[in-house]
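Single-letter residue listing:
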Amino acid sequence: MSSQPNSAAKVTVRKLLQMKADKEKIVCLTAYDVSFAKLLDAAGVDVVLVGDSLGMVMQGLDNTLAVTMDDMVYHSRCVAKGLERALLMVDMPFMSHITPQIALQNAGRLMKESAAHIVKLEGGSEQQEVVTALTSNGIPVCAHLGLQPQRVHKLGGYRVQGREADRAERMLKEASILEQAGADVLLLECVPAALATKITEAVSIPVIGIGAGTDVDGQILVLQDILGITPGRAPKFSKDFMQGADSIQTAIQNYVDAVKARTFPQQEHIF
Ligand code: KIV
């Protein structure tokens, strides 16, 4: 059964906490323009992320490193125009949060110039002071752990993170440190399902997963991946929802319904 999103109240950071408590899955998806933002909102997507993945899917770049604050402001402003219900999350691009002061200026731009409701930033415990500076100044934060695409050159590629016991232990600790620093939401990318489950149980904030198993509080994918239009091989954790759908709106609705009903992800999408 499909949800009836636009009659429902706006999604807030508080509501995400309540959804975790109620064990209602949080559905998230990326968008970069107003037309798709409207489709996602109408389908009942709870959180729309303007990801710095726009470097790849909108700009044809090899990675996210060259995405600028101006790019993020521009695309978020476009997406904000299309949302009535969903929470608007916006990525802080590479090097935009290297000190609390720089982070405050840049996150402030996203809130003021593009109506973001929450910002997302990649990083572990080294981001503690940044997270505290932002959240204590009224800017909600989603902390992004696991695979951090902005570190692709340091990592030597896009690979699953936290497979080794010491790395898993460290990620669990970092999740707690970021929660204590004030993070409102946690995102785990490409993390073994068992570790993601442990982290989800250990923190009281909602945990959104991409390639992080079934037991996280919500799921996120890149819009182009679920529409089957990403060039090359699709990531293991994604699914082409256009298969068997007669329209883009139906594909998006099928994704929303599958996450809510816990029929996505399946074993084949999990590490
Ligand atoms: O940039 C992005 O789209 C993201 C998602 C993959 C979570 O960070």
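Please read all numbers here as calculations on a predicted model, not as lab measurements. (Residues numbered from 1 in each chain as written. Predicted model: local features only at pLDDT ≥ 70, side-chain atom pairs only at ≥ 80, totals over all residues. Heavy atoms only, no water.)

### A few points about the overall build of the protein chain
- Regarding its fold elements, the protein chain presents eleven helices and eight strands.
- Here the protein chain has a C-alpha radius of gyration of 17 Å; the compact-globule value for 271 residues is 18 Å, and the two agree.
- With respect to the principal axes defined by its C-alpha atoms, the protein chain has extents near 45 × 40 × 40 Å.
- Going through the 271 residues of the protein chain one by one, you find that 56% of them count as buried.
- Taking the intrachain contacts of the protein chain between residues at least 6 apart in sequence as the baseline, contacts between residues at least 24 apart amount to 65%.
- As presented, the protein chain carries roughly 12000 Å² of accessible surface, and 52% of it is formed by carbon and sulfur atoms.
- Across the protein chain, the mean location of the 26 positive side-chain charges is 2 Å away from that of the 30 negative side-chain charges. (Helix = DSSP H or I, 4+ residues; strand = E, 2+ residues; numbered from the N terminus. Rg over C-alpha atoms; globule rule 2.2 N^0.38 Å. Buried < 20%, exposed > 50% of the residue type's maximum accessible area, 1.4 Å probe, protein only. Contact = heavy atoms within 4.5 Å. Areas by Shrake-Rupley, 256 points an atom, 1.4 Å probe, with all protein chains shown as cover. Lys, Arg positive; Asp, Glu negative; His and termini not counted. Charge placed at Lys NZ, Arg CZ, Asp CG, Glu CD.)

### With respect to empty space enclosed by the protein
- Scanning the model with the defined rule gives one cavity of 30 Å³ or more in all.
- For the largest cavity, the calculated volume is near 30 Å³.
- Class assignment for the residues of the lining of the largest cavity results in six nonpolar, four polar and no charged. (1 Å grid on protein atoms, 1.4 Å probe; cavity = no way out; pocket = protein on both sides within 12 Å on 5 of 7 lines; lining within 4 Å. Points joined across faces, edges and corners; volume = space filled by probe spheres on them. Nonpolar A, V, L, I, M, F, W, Y, C, P; charged D, E, K, R; others polar.)

### Points about the site of the ligand
- Looking at the ligand, the residues that line it are T30, L49, G51, D52, S53, D91, K120, H144, L187, I210 and V222.
- Contact between the ligand and D91: an oxygen atom at 3.1 Å from a side-chain N or O atom of the residue.
- In this structure, an oxygen atom belonging to the ligand sits 2.8 Å away from a side-chain N or O atom of K120.
- Protein chains shield 94% of the accessible area of the ligand, which is 260 Å² for the free molecule.
- Among the cavities detected, the one that contains the ligand is the largest pocket.
- Split into classes, the residues belonging to the shell around the ligand amount to four nonpolar, four polar and three charged. (Near = heavy atom within 4 Å. Polar contact = N/O pair within 3.5 Å; in protein donor to acceptor, adjacent residues only side chain to side chain. Sits in = over half its atoms within 2 Å of the grid points.)

### Side note on the pattern of salt bridges
- Considering all chains together, one arrives at eight salt bridges under this definition.
- Measuring nitrogen to oxygen at the nearest pair gives 2.8 Å for the salt bridge that ties K260 to D46. With K260 in helix 11 (residues 248-260) and D46 in the loop between helix 2 (34-43) and strand 2 (47-50), this pair connects stretches of sequence that are 214 residues apart.
- Looking at K260, the relative accessible area reads 26%, which means it is partly exposed.
- Taking relative accessible area as the criterion, D46 reaches 0% and is therefore assigned buried. (Salt bridge = Lys/Arg side-chain N within 4 Å of Asp/Glu carboxyl O.)

### Describing the environment of V222
- Inspection of the secondary structure assignment puts V222 in the loop between strand 8 (218-221) and helix 10 (223-226).
- Taking the relative accessible area as the measure of exposure, V222 reaches 15% and is therefore buried.
- Taking C-alpha positions, V222 is 9.8 Å from V50, a pair spaced 172 residues apart along the chain.
- Filtering out sequence-adjacent residues up to four positions away, V222 remains in contact with L29, T30, Y32, S53 and V57.

### Details of helix 6 (residues 128-136)
- If you check which residues of helix 6 are buried, you get V130, V131, A133 and L134. Buried residues of helix 6 fall within an arc of 165° about the axis and therefore sit on the same side. Exposed residues pointing more than 90 degrees away from the buried face of helix 6 are listed as E129 and S136.
- Count one or two residues on from helix 6 and you reach G138, which has phi positive near 85°. (Arc of directions from axis to C-beta.)

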